[in-house]
Amino acid sequence: MSDDQHYDVIVIGSGAGGGTLAHRLAPTGKRVLLLERGDYLPRERANWDSTEVFVNGKYRAPEFWLDNHGDEFPPEVNYYVGGNTKFYGAALFRLRPQDFGELQHFGGKSPAWPIDYQDLEPYYTQAEHLYLVHGQHGEDPTEGPVSAAYRFPPVQHEARIQQLSDDLEKQGLHPFHLPIGVNLVQDERGRATHSSACIRCDRVDGFPCILRAKSDAQVICVDPALAHDNFTLITNAYVERLETESTGHAVQSVVTQLGDGSTVRLSADVVVVACGAVNSAALLLRSATSAHPNGLANGSDVVGRYYMRHNNIAVMGVSNEPNPTKFQKTLAMNDWYLGAEDWDYPLGGIQMLGKSDDEQIRANAPRWAGKVSPGMPFEVLAHHAVDFWLCGEDLPAPNNRVTLEKDGQIRLSLDQNNNVEGVKRLMGKLEGMLGDLGMHKHRLIDHSIYLHKGMPIGATAHQAGTVRFGTDPSSSALDPNCKAHDLDNLYVVDTSFFPSIGAVNPSLTAIANALRVGDHIAERLG
């Protein structure tokens, strides 16, 4: 590859934002180049091996970032075609309409977006259809209005989760079928048919799918886009920096190190950054020039700031009866998303995790497993486990930020006690119901220890907010179309653009916004 190659659009990053936007532009006939710093994820038995994925971290990026104190930690990032969607749980929620406005929390205010729910609603529908989301609108009383039904019915609960749903309803609550992106065809009993790509296994959450049955960005967007002659994907392509033309008003070159060690300068009419909230900010910061001394798109000094990642608690209830569920990630509940009868502020949402197994528990949780369940072997504990994911909103704070060391290493500074009272109360709500839900009373086991190696700062799967959009160039980096205020041809379309993060998984919002911005760029190119 030579330096003289010019494209209509260069997209950097192939995850939920970049992969989706590239897919949107591929049918336009414009020359689109997608750069991915990693390769295709190997398809191998280790994809579904708990020890390899969770304990050994076989597929994690072999790099370390620094925390506030200068201590190194391994971030939860994966560099493959499809980005972190190769490992996500494919829980594809819409933000609530209230999340787009200013929302008062116990710990502070969640700011308003420059667009509202109705601006994104048509693209939410398109995103749900594109990513094969299975669900049922109308079950969750907190969801906003929808313009079309899901194309696929909800994934049916297995017996123990159906009993949990029934027991929650008896408490006057409103559990609903979790919206999830899988290529599943069910029979009348909810089983996978012989023609279904998804087999309803217990590897959906945190594992890559060997069968290509999970709706990740590679399977849904990148691979289909390759059918277009005008679309090019280059793997093992690490973008070192962006260079501007002499006036500093536009990106002129995308300086890229290729897999063979050579470096090329590529150019395009439009450059789209979608490397993930941390790496997108890092790329803009290390692209500083005399015209942009604080980094590209950073005239407001917000690039890298306002990092968010949700206040999550992963807990495991111990069921009185065995829980033989395989595909556990089918239920969620948002009754206390915006508040409760005894609390005027948002708490967050509850959803099921993928089913834990004895390998995960044994490898990383011996400290607590023996104490809470003396005499109960790990295998028995895992067989009785019911796994929950509690998600509360992390508020944007200017000092929660990404910066670069002199040698280019990433430093992630983070206050881990930001607005945590809501999710703590949410856990109290769940814990108080355990006896009514067929579980041991007051025995919620914190198993974040094995999900995130005891390093909450390393749990970067829901990273967002470092290149926020807005209408005021003095307090935001991007305009409402996600174009940099300071540069004419630079866009950012991963979760960096979020001014707030809500309390649901951010992937569907990133996907929907990528479709929206893709339409804008297509119109701009003519």
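Criteria and cut-off values
Residues numbered from 1 in each chain as written. Predicted model: local features only at pLDDT ≥ 70, side-chain atom pairs only at ≥ 80, totals over all residues. Heavy atoms only, no water. Helix = DSSP H or I, 4+ residues; strand = E, 2+ residues; numbered from the N terminus. Rg over C-alpha atoms; globule rule 2.2 N^0.38 Å. Buried < 20%, exposed > 50% of the residue type's maximum accessible area, 1.4 Å probe, protein only. Contact = heavy atoms within 4.5 Å. Lys, Arg positive; Asp, Glu negative; His and termini not counted. Charge placed at Lys NZ, Arg CZ, Asp CG, Glu CD. Axes fitted to C-alpha atoms, helices over the stretch in contact; angles between N-to-C directions. Parallel < 35°, antiparallel > 145°, perpendicular 65-115°, else oblique. Left-handed = near helix turned anticlockwise from the far one by under 90°. Nonpolar A, V, L, I, M, F, W, Y, C, P; charged D, E, K, R; others polar. 1 Å grid on protein atoms, 1.4 Å probe; cavity = no way out; pocket = protein on both sides within 12 Å on 5 of 7 lines; lining within 4 Å. Points joined across faces, edges and corners; volume = space filled by probe spheres on them. Core = buried A, V, L, I, M, F, W, Y, C linked by side-chain atoms within 4.5 Å. Phe/Tyr/Trp six-rings, centres within 6.5 Å; stacked < 30°, edge-to-face > 60°. Lys NZ or Arg CZ within 6 Å of the ring centre and 35° of its normal. Pairing = 2+ DSSP bridges. Expected span 1.5 Å × (residues − 1). Arc of directions from axis to C-beta. Bend = angle between axes of the 7 residues up to and from the residue. Polar contact = N/O pair within 3.5 Å; in protein donor to acceptor, adjacent residues only side chain to side chain. Salt bridge = Lys/Arg side-chain N within 4 Å of Asp/Glu carboxyl O.

A.B. asks: Describe the overall build of the protein, and please don't skip the residues or the numbers.
C.D. replies: Secondary structure summary: the protein contains twelve helices and 21 strands in total. The C-alpha radius of gyration of the protein comes to 22 Å, within 12% of the 24 Å expected for a compact globule of 526 residues. For the protein, the proportion of its 526 residues judged to be buried stands at 61%. In the protein, the share of contacts with a sequence separation of at least 24, taken over all contacts with a separation of at least 6, comes to 73%. Between the mean site of the 45 positive side-chain charges and the mean site of the 65 negative ones, the protein shows a separation of 4 Å.

A.B. asks: Can you break down the packing of helix 1 (residues 18-25) against helix 12 (residues 507-525) residue by residue, with the values?
C.D. replies: Interhelical geometry of helix 1 versus helix 12 gives an angle of 40 degrees and a closest axis separation of 8 Å. Viewed along their axes, helix 1 and helix 12 adopt a mutual orientation that is oblique. You can see that helix 1 and helix 12 cross each other, and the crossing is right-handed. For the pair helix 1 and helix 12, contact is made by Thr 20, Leu 21, Arg 24 and Leu 25 and by Ile 511, Ala 514, Leu 515, Val 517, Gly 518, Asp 519, Ile 521 and Ala 522, respectively. Broken down by class, the residue content of the contact of helix 1 with helix 12 amounts to eight nonpolar, two polar and two charged.

A.B. asks: Please set out unusual backbone geometry residue by residue, giving values where relevant.
C.D. replies: Not every positive phi belongs to a glycine, and Ala 297 is a case in point at roughly 60 degrees. With respect to the element layout, Ala 297 can be found in the loop between helix 6 (277-285) and strand 14 (311-319). By relative accessible area, Ala 297 is classed as buried at 2%. With a phi angle near 70 degrees, His 310 is a residue other than glycine that sits in the positive phi range. Tracing the backbone through its elements, the reader meets His 310 in the loop between helix 6 and strand 14. The class of His 310 is buried, set by a relative accessible area of 2%.

A.B. asks: Go over the layout of surface pockets with me, naming the residues and quoting the values.
C.D. replies: Within this model, the second largest pocket holds a volume of roughly 190 Å³. For the second largest pocket, the lining is made up of 13 residues, of which Asp 202, Lys 326, Lys 355, Ser 356 and Asp 357 are closest to its centre. Among the residues making up the lining of the second largest pocket, the classes are represented as two nonpolar, four polar and seven charged.

A.B. asks: So, the environment of His 440: which residues are in play, and what are the values?
C.D. replies: With respect to the element layout, His 440 can be found in strand 20 (residues 439-446). Setting aside its immediate chain neighbours within four residues, His 440 contacts Val 318, Ser 319, Asn 320 and Leu 434.

A.B. asks: Now, about the nonpolar core: what can you tell me, with residues and values included?
C.D. replies: In terms of nonpolar packing, the biggest core is built from 116 residues, with Ile 12, Leu 35, Leu 242, Leu 490 and Ile 521 touching the most fellow members. With nine residues, the single largest contributor to this core is helix 12. If we ignore the near neighbours within four places in the chain, the residues touching Ile 12 are Leu 35, Val 239, Leu 242, Val 254, Val 271, Val 272, Val 273, Ala 274, Cys 275 and Leu 283. Of all hydrophobic cores here, the second largest spans 25 residues; its members include Leu 347, Ile 350, Met 352 and Leu 437.

A.B. asks: An account of the packing of aromatic side chains is requested, with residue identities and associated values reported.
C.D. replies: In the structure shown here, the tally under the stated rule is 17 aromatic pairs. Look at Trp 113 and Phe 498: their rings are 5.3 Å apart centre to centre, the planes differ by 55 degrees, and that puts the pair in the tilted class. On the criterion of sequence distance, the pair formed by Trp 113 in the loop between strand 6 (108-110) and helix 3 (117-130) and Phe 498 in the loop between strand 21 (490-492) and helix 12 is long-range, its members being 385 residues apart. Exposure class is identical for Trp 113 and Phe 498. Each is buried. If you follow Arg 31 out to its NZ or CZ, it ends over the ring of Tyr 7, 4.5 Å from the centre. The side chain of Arg 96 reaches across the aromatic face of Tyr 337, ending 5.9 Å from its centre.

A.B. asks: Help me get a handle on the pairing of strand 19 (residues 410-413), residues and values and all.
C.D. replies: Every second residue of strand 19 is oriented toward a common face, with Ile 410 and Leu 412 on one face and Arg 411 and Ser 413 on the other, all of them buried. In the sheet, strand 18 (residues 401-404) pairs with strand 19 via four bridges, with the strands oriented antiparallel. Bridging from a neighbouring strand, Leu 404 pairs with Ile 410 of strand 19. Where strand 18 hands over to strand 19, the hairpin turn is made up of five residues, of which Gly 408 adopts a positive phi near 90 degrees.

A.B. asks: Break down helix 4 (residues 159-170) for me, citing the residues and quoting the values.
C.D. replies: Between its first and last C-alpha, helix 4 extends 17 Å over twelve residues, near the 16 Å set by a 1.5 Å rise per residue. Regarding helix 4, the residues found buried are Arg 160, Ile 161, Leu 164, Ser 165, Asp 167 and Leu 168. Down the axis of helix 4, the buried side of the element spans an arc of 165 degrees, and every buried residue falls inside it. Away from its buried face by more than 90 degrees, helix 4 exposes Ala 159 and Lys 170. Of the residues one or two after helix 4, Gly 172 is the one with positive phi, at around 80 degrees.

A.B. asks: Please set out helix 3 residue by residue, giving values where relevant.
C.D. replies: In this model, helix 3 (14 residues) spans 19 Å end to end at C-alpha, consistent with the 20 Å of a helix rising 1.5 Å per residue. In the structure, helix 3 departs most strongly from a straight axis at Tyr 123, where the bend amounts to approximately 25 degrees. Residues of helix 3 that are buried: Tyr 117, Leu 120, Glu 121, Tyr 123, Tyr 124, Thr 125, Ala 127, Glu 128 and His 129. In the core, the buried residues of helix 3 are packed alongside helix 1, strand 7 (133-134) and helix 12. Sitting at the head of helix 3, Asp 116 places a side-chain oxygen 3.1 Å from the backbone nitrogen of Gln 118. Positive backbone phi, at 55 degrees, marks Leu 132, one or two positions downstream of helix 3.

A.B. asks: Give me the pattern of salt bridges: which residues, what numbers.
C.D. replies: Inspection of every chain in the model, using the stated rule, returns 24 salt bridges. Asp 205 is the partner of Lys 329 in a salt bridge, and the nearest nitrogen-oxygen pair spans 3.2 Å. Remark: Asp 205 occurs in the loop between strand 9 (180-181) and helix 5 (217-225) and Lys 329 occurs in the loop between strand 14 and strand 15 (331-333); sequence separation between them is 124 residues. In this structure, Asp 394 and Arg 309 form a salt bridge, with 3.4 Å as the shortest nitrogen-oxygen distance. Highlighted residues: Asp 394 in the loop between strand 17 (385-392) and strand 18 and Arg 309 in the loop between helix 6 and strand 14, separated in sequence by 85 residues. Its relative accessible area of 0% is what places Asp 394 among the buried residues.

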